[in-house]
Amino acid sequence: MNWTERISPLRRRRGPGTTTPLRAALALLAVLVAGVATTLAVATPASAATTTICKSSPIPAGYVIIAEGSSASCPYSFPNTWTITTPSTTSTTVMCKASAVPTGYVAIAEGSSASCPYSFPNTWTIRIPPTGSASVMCKASTLPTGFVIIAEGSSASCPYSFPNTWTITKPSTTGITTICSASPIPAGYVVVGTGSSASCPYSFPNTKSIKLP
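Draft legend 1. Focus on the sheet that holds strand S10 (residues 177-180). If you walk across this open sheet you meet the 3 strands as S10-S12-S11, and the pairing is antiparallel. In this open sheet, the two strands that pair with only one neighbour each are S10 and strand S11 (190-195). In this sheet, neighbouring strand axes are inclined to one another by 35° on average, regardless of whether the strands run parallel or antiparallel. Sheet topology places S10 next to strand S12 (residues 207-211); 4 bridges connect them, and they run antiparallel.

Structure, rendered in structure tokens:
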């Protein structure tokens, strides 16, 4: 009996739907690889936003510190790690004051956390101010580019003596906006008048009317 005659009975016993052991193994491997790829695709966005780094490493651009910790894998004495994250673009984020407030964000409150270094209060609550309405920020924070100050106020959530807040907004692109004289004038706008308001600091006249020419 030759080799072909030996294997022909095996071929005859396999029906149309029968799969060889090799094909079955390859099919199973393909399923497992697909499953792993799917798991990584789902996990990557969540794991990319928050991570822990050694304090010896610089904070990447766009990240803020949300906690400190300790690891035998990092140099220097404990605590020697930072937990960092990318702040929310649609809501608020609580960050340690050990980190700089990112460009475009404002501090709206300070607080305290045992997870952050330094004496209390040692945290900022930050957010991106809305562009379609007025909002309040702590004076301790930097005014974002393109926004103007339209009033000052007071809040126990912000540091320093009262008044310690600014009410800010984006100026109109079609009409006149009245701003406090304490406010910078955005690029492209011109002053068309002055006035007075008890909502703004400094002696009268303490407001400016601005518009696009």
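Draft legend 2. Seen up close, the sheet that holds strand S4 (residues 93-96). The sheet built from 3 strands is open, its strands ordered S4-S6-S5 with antiparallel pairing. Either end of the sheet is taken by a strand with one partner, and the two such strands are S4 and strand S5 (106-111). Here the average twist between neighbouring strands, direction ignored, is 35°. Summarising the sheet, S4 and strand S6 (residues 123-127) pair through 4 bridges and their orientation is antiparallel. Bridging from a neighbouring strand, Met95 pairs with Trp124 of S6.

Draft legend 3. Representation of the state of the cysteines in the model. Inspection of every chain in the model, using the stated rule, returns 4 disulfides. A sulfur-sulfur distance of 2.0 Å marks the disulfide that ties Cys138 to Cys158. For the disulfide bridge between Cys138 and Cys158, the dihedral angle about the S-S bond is near -75°, and by the sign convention the bridge is left-handed. In this pair, Cys138 sits in strand S7 (residues 135-138) while Cys158 sits in the loop between strand S8 (148-153) and strand S9 (165-169), placing the two residues 20 residues apart along the sequence. Judged on exposure class, the residue Cys138 and its partner Cys158 are both buried. Across the chain, the disulfide pattern expressed with sequentially numbered bonded cysteines is 1-2, 3-4, 5-6, 7-8.

Draft legend 4. Here's a closer look at the side chain of Ser209. With respect to the helices, strands and loops of the structure, Ser209 is situated in strand S12. If sequence neighbours within four positions are ignored, Ser209 has contacts with Ile176, Thr177, Thr178, Val190, Val191, Val192 and Gly193.

Draft legend 5. Structural detail: the nonpolar core. Of all hydrophobic cores here, the largest spans 8 residues; its members are Val106, Met137, Phe147, Ile149, Trp166, Ile168, Cys180 and Cys200. The residues touching Met137, leaving out its near neighbours within four places in the chain, are Val106, Ala107, Thr142, Leu143, Pro144, Asn164, Thr165, Trp166 and Ile168.

Definitions and limits used
- Residues numbered from 1 in each chain as written.
- Predicted model: local features only at pLDDT ≥ 70, side-chain atom pairs only at ≥ 80, totals over all residues.
- Heavy atoms only, no water.
- Pairing = 2+ DSSP bridges.
- Helix = DSSP H or I, 4+ residues; strand = E, 2+ residues; numbered from the N terminus.
- Axes fitted to C-alpha atoms, helices over the stretch in contact; angles between N-to-C directions.
- Disulfide = S-S within 2.5 Å.
- Buried < 20%, exposed > 50% of the residue type's maximum accessible area, 1.4 Å probe, protein only.
- Contact = heavy atoms within 4.5 Å.
- Core = buried A, V, L, I, M, F, W, Y, C linked by side-chain atoms within 4.5 Å.

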